Amino acid sequence: MGVAGASVAVGPSVAQGEQWRSKAPPDSLGCLIDLTRCIGCRKCEDACSQVNELPPPEKQSCDCVVFDHKRRPDEDSFTVVNRYFSGKLTEFDTPDPTFVKTQCMHCQDPACVSACIAAALSKQSNGAVKYDASKCIGCRYCMVACPFEIPAYEYHDPITPRVRKCTFCYDRISKEGGVPGCAAICPVEAITFGKRSDMLALAKNRLKENPGKYVTHIYGEKEVGGTAWLYISSVDFDQLGFPSLPHEPAPKLSETIQHSLFSYLWSPLVLFGVLGGIMGISGRKKNEKKIKEASDGA
Amino acid sequence: MEHKPSPLRKKFWTPGTFVMLAFIVAGGVAIIARFIGGIGYVTNLSDSRPWGLWVGVDVATGVALAAGGFTTAALAHIFGRHYYEPVTRPALLTALLGYTFVVLGLLVDIGRSWAIWKPLVNWNTNSALFEVAMCVMVYLTVLYIEFIPIVAEQYKGKVNLPGILSVFNGLLNRFLKIADAILDKTMWVFIIAGVVLSCMHQSSLGTLMIIAHTKIHPLWQTPILPLLFLVSAFSVGYPMVVFETTLASASFKGDSEIGILAPLTRITIFLLGAYMALKLGDMWARGSYKYLLDGNYQTNSFIVEMLMGVMAPWTMLLFEKVRTSRKGVFTASALIIFGVVLNRINVFIVAYTPPVTQTGYFPAVGEILTTLGFIAGLMFIYRFIVTWLPVLNAPKEVCS
């Protein structure tokens, strides 16, 4: 049991030595969505469908009834715009709607990436959370893990279903001067694209320059450790379908548990050694008993 | 007590086996439908509720209830309580079949069944699911290796396949002989490995939902989920053995094993007590008891899990009268099993609350038929194997 002895000595120091560190890429890209600017024209949905070769959005040319029910991104649409009435009134005393665009938030430390059994999801250095169907086994643990309920699934494909979600237009933004389809088309500049740090500074600046216009909360700055996509709004985010989330990165606790238990497989090795020791002792006792019985008999 | 397992050699086709066959056929139809129309065709799963009955019951509960295998192996072979050896073989068989069906269940549930090998070459050691998958794969292999001596005992030197297959007779005989000889010397490695692997993935199954902690109801959402899963697996191991040996001896009119089962339940008092203390202590420490009287289906499900599945059987087992009566032991064991089954369903399905859409979920007929079909299939093969291989203790009149 020499191996076991050694692993007992190594084990606890390994367990204590590992501190969880964020794997967020430095200098990555992001988007700022200013909900006070969005007019609900849904041009971003069109652009998204074209860039990603998806079917055209629901009721493409008619905004009149599409807002009557709340939609979610799904296998055929990576982004959707919903309308919320918060009780605010316009200058003509009619209800003042707030339009909210929803898509993958591209978390800085994504739960889906940490959860994926086969490393099919990865956080790219430019900030995009990218899905590689060729590694996917379809366990859907990414969907379970995502705090924003974003990944969608091709449930009606029997053999080769894929996880579907916003790609951050990975191919476009990887090129010099490339901009995501939705940000490029937005006619009112509700979506600004650039370095995440710049977007954060821009958001803070808008809050400072326009006192009273915005609620003092940049959604995505701290939620689950920060997201690449950020939102500012004049209405509280919990009235707009945004989940209220802790500031701790989503994978921190589970990764800490996994690594403190299984780094270098120290705990299984210790357990193997201990059980082997017990088995050896109880086995020897049995043999002694047998020998004793035999000699007693003789 | 002389311990001599032997094949039952009883009539295989009974009304019971025909009922099982009917469930297998119904489940088979649902599975065929899943591979024609997709998961969405036979299930109520959605983008907001990606895991349902198949993961909660076929996989998570299946693994928990197969815990009888490693807990009895640890007791009889590692801690040297050879007195319990008569129950190790049926427990091993249950574990082997249980895990086989866990893998079959997974193959139906994952979208790309043909890609199930891919985690082997694309490691993600951050993922609790990756660890569970690796452990289950290795453990299933270990279980099959542990079972080889039982096959060898019956057929070594006697392999006699019919017809064209008879060309393999010599080869199989030689394989059984060599494997048996090697395993005679090395079995201890596999027995310990089996226990270690079980402890690893039983606990990691609990880690699975920790990354989704913002979606789990506070009554179950705790960082000690892995510990709770491990200890509950320990405590359901012996009750599961009690449950199945009682059923088997009743249906095959074999020995009543109450002599062995009574002391097993004394260990369960300790294990289940530890589990109960952890559950209550955790609730106290996190203050989650304030949700207990919310009166919705989630909190009610928690109350049923704790009262009927943990506290009631634990209290029952404290009484000598219960522990020595066949009915008492059986009832307490059944309640403990119920508690663990409900706990896994609660953690994976009931506690899961999608924060944005609040989508609900109830399994579709296709999902239920598939799950029932798998359970019937497991019982069918169990019955087949104990008929032809030395697993269960022979009835006394043959033995003496």
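Residues numbered from 1 in each chain as written. Chains lettered and ligands numbered in written order. Predicted model: local features only at pLDDT ≥ 70, side-chain atom pairs only at ≥ 80, totals over all residues. Heavy atoms only, no water.

Trainee: Kindly report on the overall build of chain A, identifying the contributing residues and their values.
Mentor: The helix and strand inventory of chain A stands at nine helices and nine strands. Per-residue burial over chain A gives 51% buried out of 298 residues. The long-range share in chain A, meaning contacts at least 24 apart out of those at least 6 apart in sequence, stands at 58%. Carbon and sulfur atoms make up 55% of the accessible area of chain A, which totals about 14,200 Å². (Helix = DSSP H or I, 4+ residues; strand = E, 2+ residues; numbered from the N terminus. Buried < 20%, exposed > 50% of the residue type's maximum accessible area, 1.4 Å probe, protein only. Contact = heavy atoms within 4.5 Å. Areas by Shrake-Rupley, 256 points an atom, 1.4 Å probe, with all protein chains shown as cover.)

Trainee: Can you lay out the packing of helix 8 (residues 225-252) of chain B against helix 12 (residues 326-350) of chain B for me, pointing to particular residues and giving the numbers?
Mentor: All names here are of chain B. Where helix 8 meets helix 12, the axes come as close as 8 Å, and the angle between the chain directions of the two elements is 140 degrees. The pairing of helix 8 with helix 12 is recorded here as oblique in orientation. As for how helix 8 packs across helix 12, the hand of that crossing is left-handed. Considered class by class, the residues forming the contact of helix 8 with helix 12 number 18 nonpolar, six polar and two charged. (Axes fitted to C-alpha atoms, helices over the stretch in contact; angles between N-to-C directions. Parallel < 35°, antiparallel > 145°, perpendicular 65-115°, else oblique. Left-handed = near helix turned anticlockwise from the far one by under 90°. Nonpolar A, V, L, I, M, F, W, Y, C, P; charged D, E, K, R; others polar.)

Trainee: Can you explain the interface of chain A and chain B? Please cite residues and give values.
Mentor: In this assembly, 63 residues from chain A lie in contact with 66 residues from chain B. Carbon and sulfur atoms supply 64% of the area buried between chain A and chain B, which totals about 5,300 Å² over both sides. Taken together, the links from chain A to chain B amount to one salt bridge. For Asp109 of chain B, the salt bridge identified is with Arg140 of chain A, shortest N-O distance 2.9 Å. Summed over the shared surface of chain A and chain B, the number is 30 residue pairs in polar contact (both at pLDDT 80 or more). Residue assignment for the side of chain A that touches chain B shows that the elements contributing at least two residues are helix 3 (111-115), helix 4 (141-145), strand 6 (152-153), helix 8 (252-262) and helix 9 (266-297) of chain A. It is helix 9 of chain A that provides the largest number of residues to the side of chain A that touches chain B, a total of nine residues. Here the residues of the side of chain A that touches chain B sort into 42 nonpolar, 11 polar and 10 charged. (Buried area = accessible area lost by both parts, 1.4 Å probe. Salt bridge = Lys/Arg side-chain N within 4 Å of Asp/Glu carboxyl O. Polar contact = N/O pair within 3.5 Å; in protein donor to acceptor, adjacent residues only side chain to side chain.)

Trainee: How would you explain the packing of aromatic side chains if you had to name every residue and give the values?
Mentor: Taken as a whole, this structure holds 25 aromatic pairs over all chains when the rule is applied. Geometrically, the ring pair formed by Phe229 of chain B and Phe348 of chain B is edge-to-face, given 6.2 Å between the ring centres and 65 degrees between the ring planes. Taken as a pair, Phe229 of chain B in helix 8 and Phe348 of chain B in helix 12 lie far apart in primary sequence, 119 residues in all. Note on Phe229 of chain B: relative accessible area 1%, which makes it buried. One aromatic cluster in this structure is built from Phe148, Tyr219, Tyr231, Phe237 and Phe242 of chain A. It is Lys70 of chain A that lies over the ring of Tyr84 of chain A; its NZ or CZ is 4.6 Å from the centre. The cationic tip of Arg140 of chain A hangs over the ring face of Tyr153 of chain A; the distance from NZ or CZ to the ring centre is 5.6 Å. (Phe/Tyr/Trp six-rings, centres within 6.5 Å; stacked < 30°, edge-to-face > 60°. Lys NZ or Arg CZ within 6 Å of the ring centre and 35° of its normal.)

Trainee: Lay out the nonpolar core with the relevant residues and their values.
Mentor: Residues Tyr141, Phe148 and Trp229 of chain A together with Leu93, Phe147, Met209 and Phe348 of chain B are the most contacted members of the largest nonpolar core, which totals 165 residues. Of all the elements, helix 6 (residues 128-155) of chain B adds the most residues to this core, at 15 residues. If sequence neighbours within four positions are ignored, Phe148 of chain A has contacts with Arg72, Met105, Cys107, Tyr219, Val224, Thr227, Pro243 and Leu245 of chain A together with Val356 of chain B. Counting residues in each nonpolar core, the second largest holds 13 residues, with Leu75, Val241, Leu261 and Leu264 of chain B among its members. (Core = buried A, V, L, I, M, F, W, Y, C linked by side-chain atoms within 4.5 Å.)

Trainee: Hey, could you go over the pattern of salt bridges for me, with residue numbers and the actual values?
Mentor: All names here are of chain A. Within the structure shown, the criterion is met by 16 salt bridges over all chains. Residues Glu154 and Arg164 are paired through a salt bridge, measuring 3.7 Å at the closest nitrogen-oxygen approach. Of this pair, Glu154 sits in the loop between strand 6 and strand 7 (163-164) while Arg164 sits in strand 7, and the two are 10 residues apart along the sequence. For Arg164, a relative accessible area of 15% gives the class buried. Here Lys204 ties to Glu221 by a salt bridge, and the two come within 3.5 Å at their closest N and O atoms. With Lys204 in helix 7 (residues 196-209) and Glu221 in the loop between helix 7 and strand 9 (229-232), this pair connects stretches of sequence that are 17 residues apart.

Trainee: Summarise helix 7 (residues 169-207) of chain B; cite the residues concerned and give the values.
Mentor: A rise of 1.5 Å per residue sets the reference length of helix 7 of chain B, with its 39 residues, at 57 Å; its end C-alpha atoms lie only 46 Å apart and thus fall more than 12% short of the reference. Of all the bends in helix 7 of chain B, the greatest measures close to 65 degrees and is centred on Thr186 of chain B. (Expected span 1.5 Å × (residues − 1). Bend = angle between axes of the 7 residues up to and from the residue.)

Trainee: Go over the state of the cysteines, please, and point to the residues and values.
Mentor: Residue and element names in this part refer to chain A. Scanning all chains against the criterion turns up zero disulfides over all chains. With no disulfide of its own, Cys146 lies 6.4 Å from the sulfur of Cys107, the closest cysteine sulfur. Cysteine Cys186 shares no disulfide, and the gap to the nearest cysteine sulfur, in Cys41, comes to 6.2 Å. For Cys186, a relative accessible area of 16% puts it in the buried group. (Disulfide = S-S within 2.5 Å.)

Trainee: Break down the packing of helix 3 (residues 53-65) of chain B against helix 7 of chain B for me, citing the residues and quoting the values.
Mentor: Pairs of packed helices are described in terms of their axes, by the angle between the two and the distance that separates them. Residue and element names in this part refer to chain B. Viewed as axis vectors pointing N to C, helix 3 and helix 7 meet at an angle of 145 degrees, and their least axial separation amounts to 11 Å. In this structure, helix 3 crosses over helix 7, and the sense of that crossing is left-handed. Together, Ala60, Val63 and Ala64 of helix 3 and His201, Gln202 and Leu205 of helix 7 make up the contact between the two elements.

Trainee: Any details on empty space enclosed by the protein? Residues and values, ideally.
Mentor: Residues and elements named next belong to chain A. One pass over the full model with this rule turns up eight cavities of 30 Å³ or more. By volume, the largest cavity is sized at about 130 Å³. Forming the walls of the largest cavity are 17 residues, and the residues nearest its centre are Cys38, Cys44, Cys186, Ala190 and Ile191. At the level of elements, helix 2 (43-51) and helix 6 (181-185) are the ones that each hand at least two residues to the lining of the largest cavity. (1 Å grid on protein atoms, 1.4 Å probe; cavity = no way out; pocket = protein on both sides within 12 Å on 5 of 7 lines; lining within 4 Å. Points joined across faces, edges and corners; volume = space filled by probe spheres on them.)

Trainee: Any chance you could break down the environment of Leu280 of chain B for me, citing the residues and the numbers?
Mentor: Residue and element names in this part refer to chain B. Mapped onto the secondary structure, Leu280 falls in helix 9 (residues 258-286). Taking relative accessible area as the criterion, Leu280 reaches 31% and is therefore assigned partly exposed. Separated by 26 residues in the primary sequence, Leu280 and Met306 place their C-alpha atoms 9.2 Å from one another. Not counting the four nearest positions on each side in its chain, Leu280 is found in contact with Met306 and Met311.

Trainee: Please set out a nonpolar patch on the surface residue by residue, giving values where relevant.
Mentor: Residues and elements named next belong to chain B. Taken together, the side chains of Val19, Phe23, Phe362, Ile368, Leu372, Ile375 and Met379 present a nonpolar region at the surface, about 640 Å² in accessible area. Where the nonpolar patch is concerned, the elements lending two or more residues are helix 1 (15-37) and helix 13 (365-388). The element that contributes the greatest number of residues to the nonpolar patch is helix 13, accounting for four residues. Structurally, Phe362 can be placed in the loop between helix 12 and helix 13. Look at Phe362 and you get exposed, because its relative accessible area is 63%. (Patch = residues over 30% accessible without salt bridge, like charges linked within 9 Å, V, L, I, M, F, W, Y side chains within 5 Å.)

Trainee: Lay out unusual backbone geometry in plain terms, naming residues and giving numbers.
Mentor: Residue and element names in this part refer to chain A. Of note, the phi angle at His106 is positive, near 50 degrees, even though the residue is not glycine. Summarising the element assignment, His106 is placed in the loop between strand 3 (95-102) and helix 3. With relative accessibility at 0%, the residue His106 sits in the buried group. For Leu265, which is not glycine, the phi dihedral falls at a positive 50 degrees. By secondary structure assignment, the location of Leu265 is in the loop between helix 8 and helix 9. Given a relative accessible area of 46%, Leu265 falls into the partly exposed group.

Trainee: Break down the environment of Lys4 of chain B for me, citing the residues and quoting the values.
Mentor: All names here are of chain B. Turning to its location among the elements, Lys4 is positioned in the segment before helix 1. Taking the relative accessible area as the measure of exposure, Lys4 reaches 48% and is therefore partly exposed. Taking the C-alpha atoms as reference, Lys4 lies 8.4 Å from Pro390; in sequence the two are 386 residues apart.

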